[in-house]
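Listed here are the chains, written in short residue letters.
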Amino acid sequence: MAKPSKTGLARVIDATGYSFQGLKAQWQYEAAFRQEVCLFLLALPLALYFGETGLERALLIFVVGLVVIVETINSAMEAVVDRVGDEYHELSGRAKDMGSAAVFLALVLAGSVWLLVLVPKYMV
């Protein structure tokens, strides 16, 4: 039988609390997350300054925010894999490698977008 759950505003409030618990844990235990949040905080004012249109600013901010989101998913997946067991398993290693690859691809995407938006403006 399914566990009864809250509905409406109570569910939203609980879900928000769980989200903040996750962010707090990620900040506490994941160095990559802390680095990427710092990158985001650095990129935010730079995007507002260098972006000429609202769309450019939004795009520059979005791609760096996407890195933080992908890192969060990767960290969650790694936590689940680590919970299953400490011994090496090929599928566990593959899952962790794929999560890392997703973060890498998000970083490449962010770097590419920043270059494509900014380099043509500031090339001599």
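Note on numbering: residues in each chain are counted from 1, in written sequence order. Under the rules for a predicted model, residues below a pLDDT of 70 receive no local features and side-chain atom pairs below 80 are neither given nor counted, while totals for whole chains, interfaces and linings still include all residues. Where side-chain values are given, they derive from all heavy atoms of the structure, hydrogens and water being excluded.

Novice: Looking at this model, I keep getting lost on the side chain of N74. Mind explaining?
Specialist: Under the scheme used here, helices are H or I runs from DSSP no shorter than 4 residues and strands are E runs no shorter than 2 residues, and both carry numbers assigned from the N terminus. Tracing the chain through its elements places N74 in helix α3 (residues 54-84). Take N74: its relative accessible area is 7%, and that puts it in the buried class. When sequence neighbours within four positions are dropped, the list of residues in contact with N74 reads K96, G99, S100 and V103. Note on exposure labels: buried denotes an accessible area under 20% of the residue type's maximum, exposed denotes more than 50%, and partly exposed covers the range between, all computed with a 1.4 Å probe on protein chains only. Here a residue-residue contact requires only that any non-hydrogen atoms of the pair lie within 4.5 Å.

Novice: It is not clear to me how the packing of helix α2 (residues 31-50) against helix α4 (residues 90-122) should be interpreted in this structure. Could you clarify?
Specialist: Working note: a packed helix pair is described by the angle between its axes plus the distance between those axes. Axes, fitted as lines to C-alpha atoms, cover a helix only where it is in contact. Angles between the N-to-C directions of the axes lie from 0 to 180 degrees. Contact geometry of α2 with α4 gives a least axis separation of 13 Å together with a crossing angle of 20°. As summarised for this structure, α2 and α4 are arranged roughly parallel, according to the angle between their axes. In this structure, α2 crosses over α4, and the sense of that crossing is left-handed. Contact with α2, carried on its side by E36, L39, A43, L46, A47 and F50, involves V103, L107, W114, L118, K121 and Y122 of α4 and no other residues of that element. Here is the rule for angles: anything less than 35 degrees is roughly parallel, anything more than 145 is roughly antiparallel, 65 through 115 is roughly perpendicular, and the remaining ranges are oblique. For any pair of crossing helices, the crossing counts as left-handed if the nearer helix is rotated counterclockwise from the farther one by less than a right angle, and right-handed if it is rotated clockwise.

Novice: I keep staring at the packing of aromatic side chains and nothing clicks. Help me out?
Specialist: Given two aromatic rings, one states the distance between the centres and the angle between the planes to describe the pair. Pairing of aromatic rings covers Phe, Tyr and Trp, the last counted by its six-membered ring, and requires centre-to-centre distances within 6.5 Å; plane angles under 30 degrees mean stacked, over 60 mean edge-to-face, and any other angle means tilted. A full pass over the atoms with the stated rule returns two aromatic pairs. When the ring of W27 is compared with that of F33, the centres are 6.4 Å apart and the planes differ by 85°; the resulting orientation is edge-to-face. Assessed through its relative accessible area of 4%, F33 is described here as buried. Seen in terms of ring centroids, Y49 and F50 are 4.9 Å apart; in terms of plane orientation they differ by 85°. Their pairing is edge-to-face.

Novice: Quick question: what am I supposed to make of the packing of helix α1 (residues 8-29) against α2 here?
Specialist: Taken N-terminus to C-terminus, the directions of α1 and α2 make an angle of 105°; their axes are 5 Å apart at the nearest point. As summarised for this structure, α1 and α2 are arranged roughly perpendicular, according to the angle between their axes. Of the residues in α2, those touching α1 at L23, Q26, W27, Q28 and Y29 are A31, F33, R34 and V37. Across the contact of α1 with α2, the residue classes tally to six nonpolar, two polar and one charged. Residue classes follow a fixed rule: Ala, Val, Leu, Ile, Met, Phe, Trp, Tyr, Cys and Pro count as nonpolar, while Asp, Glu, Lys and Arg count as charged, and any other residue, Gly among them, counts as polar.

Novice: Hey, could you run me through the environment of L59 in this one?
Specialist: Locating L59 in the fold gives a position in helix α3. Look at L59 and you get partly exposed, because its relative accessible area is 35%. In this structure L59 touches V113 and V117, once residues within four positions along its chain are discounted.

Novice: Help me out: how do you make sense of α3 in this one?
Specialist: One full turn of an α-helix is made of 3.6 residues, so residues set three or four places apart face in the same direction. Between its first and last C-alpha atoms α3 spans 45 Å; for 31 residues at 1.5 Å apiece the expected length is 45 Å, and the two agree. Those residues of α3 that sit buried are L60, V63, V64, G65, V67, V68, V70, E71, N74, S75 and V81. Against the buried residues of α3 lie α1, α2 and α4. Each residue after the first adds 1.5 Å to the expected span of a helix.

Novice: What should I look at first to understand the nonpolar core in this one?
Specialist: Across soluble globular proteins, nonpolar side chains show a tendency to be buried alongside one another. Side-chain atoms within 4.5 Å are what join buried Ala, Val, Leu, Ile, Met, Phe, Trp, Tyr and Cys residues into a set we call a nonpolar core. Of all hydrophobic cores here, the largest spans 14 residues; its most connected members are L60, V63, V64, V113, W114, V117 and L118. Of all the secondary-structure elements, those providing two or more residues to this core are α2, α3 and α4. Sort the elements by how many residues they give to this core and α4 lands first, with seven residues. In this view, W114 contacts A43, L46, A47, L60, V63, V64 and V119; residues no more than four positions away in its chain are not counted.

Novice: I keep staring at a nonpolar patch on the surface and nothing clicks. Help me out?
Specialist: Every patch collects residues that have over 30% relative accessible area and no salt bridge, joining them within 9 Å if they carry like charges and within 5 Å if they are nonpolar side chains (Val, Leu, Ile, Met, Phe, Trp, Tyr). Here the Shrake-Rupley method, with its probe set to 1.4 Å, supplies the accessible areas, and only the displayed protein chains count as covering residues. A carboxyl oxygen of Asp or Glu within 4 Å of a side-chain nitrogen of Lys or Arg is what we treat as a salt bridge. A cluster of nonpolar side chains, namely L9, V12 and I13, defines an oily patch on the protein surface of about 290 Å² accessible area. Checked against the element boundaries, V12 lands in helix α1. Using a relative accessible area of 39% as the deciding quantity, one classes V12 as partly exposed.

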